[in-house]
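Fold and contact review
These are the residues of each chain, in order.
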Amino acid sequence: MKRKSMMMLVLLCALPMLFANGTGEAGSKKGIELSAATGGMSANSPAGRAMAKFADKVQEYSQGSVDIKVFYDTTLGNASSMINGFQQGTVDIGVCGDSYYSGLVPEIQAFELPYVFDSLKDARTAVAGKAGDYIKDKLQQKGIHPLTFWEIGFRELTNNKRPVTVPADLKGIKLRCLPASFQVKAWEAAGAIPVPMDVSELYSSLQQGVVDGQENPLSEIYNQRFYEVQKYLSLTDHVYTPMLFSISNIAWNKLDASQQDALVKAAKDAQSEVYRINDEESTILLKKIEDAGVKVEQHPDKAAFKVAMAQSLVLFKNEYGDTMFTLMGK
């Protein structure tokens, strides 16, 4: 009897320690809540829909121990402020175009050089391989833990001035471009007047004539409703835009190994969702944009654009060498 009493006393003393370490009667872990931002993109965008799936999958894979609160549009700030938030620990998880990371790791711009990829398969293979790993390693040293690459896809050109079929048609057009130096140089070489600007400011800038045109994948042109304030669309496919899906090192280090595994697995599921949406909906979105009254140039002279913008690849190599091209198999 005395032995039983002693065992019961030991068990009762151990219970508070079990709960303190985040486990309860059913073996569930102490809940952790993390914020996730879409870098200015809407809930209806491919990234927004994939982020919702990511949150659901994290809940499933972590057995409810990690709860992701998703914030769309610019609720937690624009893409630029999100990157700063990762480093400061004010934003836990987020996704945005690679160019927004270029201030920390300039070499990431290699993925968005003009006509560096011939197809979606080519681009997806490159970011999933050694080149993507090289960028991830560099960003980890900056306080950011990349999980995987998503994508916005190939970018197309819109404007309010005239149909654009060759680079010469860009003369005098103020064109919003990505906030990355080699994007600016590429559009200068093609004949436009590039204006770096966050996407959150773009609709009103087009509406007010601050810029005449912009370049984005069809999903963004549709979901951001740029077709309402643009007259012409040219299917130039000039740049592929990966999106880097990351978590702050501060948030990552709050998780145990099984929770980290849950986030990695969920991020890959969400990547597959982004790819599926882009593959299945591009033709549908183009039709919707055309039905809204935008005049579509189906066959611009891509070869002429490639030649006109080629200098940006030379400038990149001169500044950062051939490492990224070698890793991409270029």
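Rules behind the numbers
Residues numbered from 1 in each chain as written. Predicted model: local features only at pLDDT ≥ 70, side-chain atom pairs only at ≥ 80, totals over all residues. Heavy atoms only, no water. Helix = DSSP H or I, 4+ residues; strand = E, 2+ residues; numbered from the N terminus. Buried < 20%, exposed > 50% of the residue type's maximum accessible area, 1.4 Å probe, protein only. Contact = heavy atoms within 4.5 Å. Pairing = 2+ DSSP bridges. Axes fitted to C-alpha atoms, helices over the stretch in contact; angles between N-to-C directions. Arc of directions from axis to C-beta. Phe/Tyr/Trp six-rings, centres within 6.5 Å; stacked < 30°, edge-to-face > 60°. Lys NZ or Arg CZ within 6 Å of the ring centre and 35° of its normal. Polar contact = N/O pair within 3.5 Å; in protein donor to acceptor, adjacent residues only side chain to side chain. pLDDT = per-residue confidence, 0-100. Core = buried A, V, L, I, M, F, W, Y, C linked by side-chain atoms within 4.5 Å. Salt bridge = Lys/Arg side-chain N within 4 Å of Asp/Glu carboxyl O.

For the rest of this paragraph, the subject is the environment of V70. Within the fold, V70 resides in strand β2 (residues 66-71). Residue V70 is classed as partly exposed on the basis of its relative accessible area, which comes to 22%. On a C-alpha basis, the gap between V70 and H299 in space is 39 Å, while along the polypeptide they are 229 residues apart. Discounting chain neighbours no more than four positions away, the residues touching V70 are A36, T38, M51 and A55.

Attention shifts here to the sheet that holds β2. Ordered by their spatial adjacency, 5 strands build an open sheet running β2-β1-β3-β10-β4, and the pairing between neighbours is mixed. The outermost strands of the open sheet, each flanked by one partner alone, are β2 and β4 (144-154). Ignoring which end each strand starts from, the neighbouring axes of this sheet average 20° apart. Those strands touched by helix α2 (residues 46-61) are β1 (32-37), β2, β3 (93-97), β4 and β10 (240-248), and its axis lies near 165° from that of β2. The strands that helix α5 (residues 130-140) touches are β4 and β10; relative to β4, the one it contacts most, it runs at about 135°.

Those residues of α5 that sit buried are A131, G132, I135, K136 and L139. Along the axis of α5, the buried positions cluster into a sector of 135°, meaning they face one direction only. On its buried side, α5 packs onto α4 (120-128), β4, β10 and α13 (323-328).

Turning next to the packing of aromatic side chains. Applying the stated criterion across every chain yields a total of 10 aromatic pairs. Ring plane angle 85° and centroid distance 4.8 Å describe the contact between F54 and F245, whose orientation is recorded as edge-to-face. With a gap of 191 residues between them, F54 in helix α2 and F245 in strand β10 connect regions that are remote in the sequence. Looking at F245, the relative accessible area reads 0%, which means it is buried. An aromatic cluster is present here, built from F182, F316, Y320 and F325 joined pairwise through their rings. Residue placement shows K185 over the ring face of F182; its charged tip is 4.6 Å from the ring centre. Sitting over the face of the ring of F325, K317 holds its NZ or CZ atom 4.6 Å from the ring centroid.

With that settled, consider the pairing of strand β6 (residues 174-177). Direction of pairing for β6 relative to strand β7 (residues 193-196): parallel, over a ladder of 4 bridges. Among the inter-strand pairings, R176 is bridged to a residue of β7, identified as V195. For β6 and strand β8 (residues 213-216), the ladder comprises 2 bridges, and the chain directions are parallel. Residue pairing in the sheet places L175 in a bridge with G213 of β8.

Relative to the assigned elements, T158 resides in strand β5 (residues 156-159). T158 gets classed as buried once you look at its relative accessible area, which sits at 2%. Of note is the side chain of T158, whose polar atom sits 2.8 Å from the side chain of Q214. In this structure T158 touches L175, G213, Q214, I221, Q230, Y232 and L233, once residues within four positions along its chain are discounted.

A few words now on the confidence of the model for the protein chain. Of the residues in the protein chain, 91% have a pLDDT of 70 or more, and the chain-wide mean is 90. Note that residues 1-28 has pLDDT below 50 and, in this model, 7 contacts with residues that lie over four places away or in other chains.

A word on the nonpolar core. Ranked by size, the top nonpolar core spans 78 residues in total, and within it L34, F54, F111 and W150 carry the most contacts. The greatest single-element share of this core, amounting to 9 residues, is contributed by helix α10 (residues 257-291). Residues Y115, V184, A186 and M309 belong to the second largest nonpolar core, which totals 14 residues.

It is worth spelling out the pattern of salt bridges at this point. Taken as a whole and assessed by the stated rule, the structure comprises 14 salt bridges. Note that R155 is salt-bridged to E215, the shortest N-O span being 2.7 Å. Residue R155 is found in the loop between β4 and β5, and its partner E215 is found in strand β8; the two are separated by 60 residues along the sequence. Just as R155 is buried, E215 falls in that class too. A cluster of three or more residues bridged by salt bridges with shared partners is formed by K53, E273, R276 and E280.

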